[in-house]
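Overview (structure and organization)
What follows is each chain in one-letter form.
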Amino acid sequence: MFGRAGFGDRMKTDRVGQTTIGWQDQVLLFYLRSLLSQTFDRPEGIPAEPEKPGALTTPEPISAVPTALPDWARSEFQAVCFRIGRMVLAAPLAEVRRIERLDDSTKVTALPGKPDWFQGLARFHGEIIQLADTELLIGGKRAAPADGARRHALLLNGGRWGLVCGEIVDLVRLRESDVRWRANRKRRAWAAGTIIDRLCVLVDPRSLIPVARCQDK
Amino acid sequence: MSEALEKRSDPVNQWVTFRLGEETYGINVMQVQEVLRVTEIAPVPGAPDYVVGIINLRGNVVTVIDTRKRFGLIPKEPDDASRIVIIEAEDQVIGILVDSVAEVVELRASEIESAPNVGNEESARYIQGVTSHGGELLILVDLNQLLSDEDKADLDQL
């Protein structure tokens, strides 16, 4: 922890005190920036997997527990709030490239031997998307959709994944300070933090799809 | 690009498609020997659960496997539409019981996308890829990977 100028020192001369605090802020800022820049570096010894051409790509698996703010949270950002069962969750819009509505005409092709949370494949605008059951991924149970309840898929950036959810509630604009960020994400790595005035969990979508975990099984 | 060069760089293969439940699967036509109506299949005591039994195919004993069970789908009694597809996979001739056989389709290699990279090792092994065809998705199965070495050894001993 960085020491702050003592109260007595600051009382001696305002001018010196202000200079000292300014210097400390700069050091603190530098320290925080360096922490942020380290966050998503690949740990040494873990090679990057080559991507197959034409493959249904997956988001880069999380190789280490995220410990600091994700990239999208470094400045003001927008989040889309959506319903999962009775809960409302939010996901950063920076990680969502499109929202598709799922209805009776949406054909979902199930694949054998896949985990429960993998709902199957669906085509949107000629693109094959892998649908993941968000409710199962966050540790809930698969519930039959209520009559008339609309279902949607949040299509994520950096891979052909869609998070299946219920109604889209709204879009919110957030600042870093609007969220209580989780410092330790060893458990529930997908929960980046809580939007304070809504008491709504902000999801880190890249940590939600447990591709790496499934491959280990 | 000349047609010959295009064929070489983006070969076209034929796939026999069949239905299992709500989905359509494809297998390489070169590995399909024939398609039979379901006749009497003699059960084999002590056989693995995915083995329906054996049939006599012109004097040869052929093991028939329940593809639904193999793929972890809900079992279903064979009906009029059910077929046994006789295939050759790595020098082993077996029959796969399917709900129905649909058609033969031609697919360019470039039209096939790799299978999603999730799930148990077994399924990752035998699902070769997926492609869009006729407004729906077609799941392409690599028959050479359908049975593990252990499974093949078990079938040899039936």
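Residues numbered from 1 in each chain as written. Chains lettered and ligands numbered in written order. Predicted model: local features only at pLDDT ≥ 70, side-chain atom pairs only at ≥ 80, totals over all residues. Heavy atoms only, no water.

Bringing the environment of aspartate 49 of chain B into the picture now. Here aspartate 49 of chain B lies in the loop between β3 (32-37) and β4 (51-57). Along the backbone, aspartate 49 of chain B and aspartate 66 of chain B are 17 residues apart, and their C-alpha atoms lie at a distance of 8.6 Å. (Helix = DSSP H or I, 4+ residues; strand = E, 2+ residues; numbered from the N terminus.)

This part covers empty space enclosed by the protein. All names here are of chain B. The tally for this structure, following the rule as stated, stands at 1 cavity of 30 Å³ or more. Reported here for the largest cavity is a volume of approximately 60 Å³. Considering the residues around the largest cavity, the lining is formed by Leu20, Asp66, Arg68, Lys76, Glu77, Pro78, Ser82, Leu97, Val98 and Asp99. Partitioning the lining of the largest cavity into residue classes produces 4 nonpolar, 1 polar and 5 charged. (1 Å grid on protein atoms, 1.4 Å probe; cavity = no way out; pocket = protein on both sides within 12 Å on 5 of 7 lines; lining within 4 Å. Points joined across faces, edges and corners; volume = space filled by probe spheres on them. Nonpolar A, V, L, I, M, F, W, Y, C, P; charged D, E, K, R; others polar.)

What follows covers the sheet that holds strand β8 (residues 100-108) of chain B. What links the strands of a sheet is backbone hydrogen bonding, and the strands pair in either a parallel or an antiparallel sense. Residue and element names in this part refer to chain B. Read across the sheet, 5 strands follow the order β8-β1-β2-β10-β9 without closing on themselves; strand pairing throughout is mixed. Both outer strands of the open sheet, β8 and β9 (127-133), are each paired with one neighbouring strand and no more. With direction set aside, neighbouring strand axes in the sheet form an average angle of 35°. When strand β2 (residues 23-28) meets strand β10 (residues 136-141), the two strands line up parallel, connected through 3 bridges. (Pairing = 2+ DSSP bridges. Axes fitted to C-alpha atoms, helices over the stretch in contact; angles between N-to-C directions.)

Averaged over all residues, the pLDDT of chain B equals 89, while 92% of them reach at least 70. Model confidence for the complex: the whole-complex pTM is 0.69, and ipTM, which rates the interface, is 0.73. (pLDDT = per-residue confidence, 0-100.)

The subject of this paragraph is the pairing of strand β2 (residues 87-92) of chain A. Residues and elements named next belong to chain A. Pairing analysis gives 6 bridges linking strand β1 (residues 77-84) to β2, with the strands arranged antiparallel. Counted as the bridge partner of isoleucine 84 is methionine 87 from β2. Hairpin connection between β1 and β2: a loop of 2 residues separates the two successive antiparallel strands, and glycine 85 in this loop has a positive phi of roughly 60°.

Residue and element names in this part refer to chain A. Strand order across the open sheet formed by 6 strands is β8-β1-β2-β11-β10-β9, with mixed pairing between neighbours. The open sheet has two edge strands, β8 (168-174) and β9 (179-181), and neither has a second partner. Each strand of the sheet is rotated relative to its neighbour by a mean of 30°, with strand direction disregarded. Of the strand pairs in this sheet, β9 and strand β10 (residues 191-195) are connected by 3 bridges, and their pairing is antiparallel. Bridge pairing links tryptophan 181 to glycine 193 in β10.

A word on the packing of aromatic side chains. Overall, the coordinates contain 9 aromatic pairs over all chains when judged by the stated rule. Ring centres of tryptophan 117 of chain A and tryptophan 161 of chain A lie 5.8 Å apart, and the angle between their planes is 40°; on these two criteria the pair is classed as tilted. Note that tryptophan 117 of chain A is positioned in the loop between β3 (96-102) and β4 (118-124) and tryptophan 161 of chain A in strand β7 (residues 161-165), a separation of 44 residues in sequence. Here the two residues tryptophan 117 of chain A and tryptophan 161 of chain A agree in accessibility, since each one is buried. For the pair phenylalanine 18 of chain B and tyrosine 25 of chain B, a centre-to-centre distance of 5.6 Å together with 15° between the ring planes defines the contact as stacked. For the residue pair phenylalanine 18 of chain B and tyrosine 25 of chain B, the accessibility class agrees, reading buried in each case. Chaining the aromatic ring pairs together yields one cluster made of Phe18, Tyr25, Phe71 and Tyr126 of chain B. (Phe/Tyr/Trp six-rings, centres within 6.5 Å; stacked < 30°, edge-to-face > 60°. Buried < 20%, exposed > 50% of the residue type's maximum accessible area, 1.4 Å probe, protein only.)

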